[in-house]
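Topology and contacts: notes
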Amino acid sequence: MQVTVSVNGEERAREIEPRLLLVHFLRDVLGLTGTHWGCDTSNCGTCVVLMDGRPVKSCTVLAASAAGHEITTVEGLERDGVLDPVQQGFHEEHGLQCGFCTPGMMLTARALLDENPNPSEAEIREAISGQICRCTGYATIVRSIRWAAEHPAAAGAAAETAGEAAP
Amino acid sequence: MQVPPQFEYERATSIEQALELLARLGPEARLLAGGHSLLPMMKLRLAAPEHLIDIDPLADELGYVREQDGELRIGAMTRHRELLDSELLRRRAAIFADAERVIADPVVRNRGTIGGALCQADPAEDLSAVCAAVGARVVIRGRDGERVVVMPEFHRGPYETAVGEAEMVTEVRIPLSPGFGSAYEKVERRVGDWAVAAAGASVRMDDGEIARAGIALAAVGAGVTSAEAEAALAGRRPSEEAFAEAARLAVEHCSPVDDQRGSAEYKRHVAGELTRRALRRATARALREEG
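What counts and what doesn't
Residues numbered from 1 in each chain as written. Chains lettered and ligands numbered in written order. Predicted model: local features only at pLDDT ≥ 70, side-chain atom pairs only at ≥ 80, totals over all residues. Heavy atoms only, no water. Pairing = 2+ DSSP bridges. Helix = DSSP H or I, 4+ residues; strand = E, 2+ residues; numbered from the N terminus. Axes fitted to C-alpha atoms, helices over the stretch in contact; angles between N-to-C directions. Contact = heavy atoms within 4.5 Å. Parallel < 35°, antiparallel > 145°, perpendicular 65-115°, else oblique. Left-handed = near helix turned anticlockwise from the far one by under 90°. Nonpolar A, V, L, I, M, F, W, Y, C, P; charged D, E, K, R; others polar. Expected span 1.5 Å × (residues − 1). Buried < 20%, exposed > 50% of the residue type's maximum accessible area, 1.4 Å probe, protein only. Buried area = accessible area lost by both parts, 1.4 Å probe. Salt bridge = Lys/Arg side-chain N within 4 Å of Asp/Glu carboxyl O. Polar contact = N/O pair within 3.5 Å; in protein donor to acceptor, adjacent residues only side chain to side chain.

Looking at an unreviewed UniProt entry, chain B carries the name Carbon-monoxide dehydrogenase medium subunit, with the source organism given as Conexibacter arvalis.

Per an unreviewed UniProt entry, chain A goes by Carbon-monoxide dehydrogenase small subunit and derives from Conexibacter arvalis.

See the structure below:
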């Protein structure tokens, strides 16, 4: 069947099997391998992408069902060479170890901050509770998201960091 | 790698079209709502429909929570997330927020729908117990019109409902009355897991007495409502003794099984304790005028 899905602001039309899951459409058909593929059972959340701004587990959504929706993957977070504050936050606070859960964590963080720009630690932990960090690095993930909340302008944040790093 | 078995895909953009497709494609066709029950079942080959009719385009039309004619009305495509966020539900039937806080996780709740959950009729599913406890009625639409059935009629047993071949659930209706209160209590092994046992309760208070009680257990092999326990409370003043008696009756009529979530004996114990807690909290809310 023919499907047209908007991914990171770009309409992508492809011929697919109806049973193709969104995670495999993104990774194998479009080559957007930033979206990771983990448990396959909607438990681990490494495959999280945004669907109309809300996090969903792309291993449990048909690519066909994504037609007519706006999908955002981790590749869509950076804008014009400027990292999203969430990405910058994961860099600043060392929010990743092996990196497997990171794309999903960052997208959920982006959705959380869009709705609630100043979340408490409890709210952050609740928001990411459907996603598993295999390194158990939750403390730094929470700190990374808090960093992003405190530095909402990515460009400014990056410049400030550069300033701090300069001797 | 887990992928669903092959199927033919259809997409319905109206209720009428979904019903026509169901009638035309026959018993091997299934509706796909949020997909968070059906797709995992298909990956495990527990379900292998030949046709999927995607009703994702109906999410706006059938996604609502509103008060009308003395009832709460919830559209079948209302997602768990919307049920949890609904101020109206929180005020008028707090049992929904109690349950939604502990259904799966926030990301799953962004997709799963109430209609999908009720139609899946998983024996450990929470919303069937919630709807049964509050005396909900389910609107089932076919091409010739709609019928409205009460939960004991709707939920026929594990994975079996009153929805016929060319029919679909469009709405859930919850009767409202003064002095109404409701609550849900669940024990799970870890956050977001299916229940070891869970209990939903509602009471309608009238002049200090329980005029009507609703009790429903999940995950312990109980009937969709615990009718004997409900009857035992009618006309009584709320008390620890009355709640304990109701809990004893509810547990007497359930049949949990030993599995990885616990022994049957443990589950009975938990179900009884949760019934008492849910009744206590529902009554406290009724006396604060939840309804």
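Still more to cover.
What follows deals with the sheet that holds strand β2 (residues 10-15) of chain A. Residue and element names in this part refer to chain A. Overall, mixed pairing links the five strands, which are arranged β2-β1-β5-β3-β4 in an open sheet. Only two strands of the sheet have a single partner each, and these edge strands are β2 and β4 (54-57). Recorded for the sheet is a direction-independent mean angle of 40 degrees between the axes of neighbouring strands. Strand direction decides the pairing type here: strand β3 (residues 48-51) and strand β5 (residues 70-72), joined by two bridges, are antiparallel. When the bridges of β5 are listed, L50 appears paired with T72. Packing against the sheet, helix α3 (residues 102-115) makes contact with β3, β4 and β5, and its axis sits at approximately 35 degrees to β3.

This part takes up the packing of helix α11 (residues 240-252) of chain B against helix α12 (residues 264-287) of chain B. All names here are of chain B. Running from amino to carboxyl end, α11 crosses α12 at an angle of 140 degrees, the nearest separation of the two axes being 9 Å. Considered as vectors, α11 and α12 are oriented oblique to each other. Here α11 runs over α12; the crossing is right-handed. Residue-level contacts link E240, F243, A244, A246, A247, A250, V251 and E252 of α11 to R268, A271, G272, T275, R276, L279, R280 and T283 of α12. Partitioned by chemical class, the residues of the contact of α11 with α12 number eight nonpolar, three polar and five charged.

Before going further, it helps to examine α11(B). Residue and element names in this part refer to chain B. End to end, α11 covers 18 Å across 13 residues, agreeing with the expected 18 Å (1.5 Å per residue, within 8%). Every buried residue of α11 is accounted for by A242, F243, A246, A247, L249, A250 and V251. The elements touched by buried residues of α11 are β13 (209-218), α10 (227-233) and α12.

Taken residue by residue, the interface counts 29 residues in chain B and 31 residues in chain A. For the pair chain B and chain A, the summed buried surface comes to about 2,400 Å²; carbon and sulfur atoms form 56% of the total. Seen at the junction of chain B and chain A, the total is five salt bridges. Here A:E126 makes a salt bridge to B:R109, at a shortest N to O gap of 3.1 Å. Taken together, chain B and chain A are joined by 15 residue pairs in polar contact (both at pLDDT 80 or more). Among the elements that take part in the side of chain B that touches chain A, helix α6 (residues 106-109) of chain B stands out by supplying four residues, more than any other.

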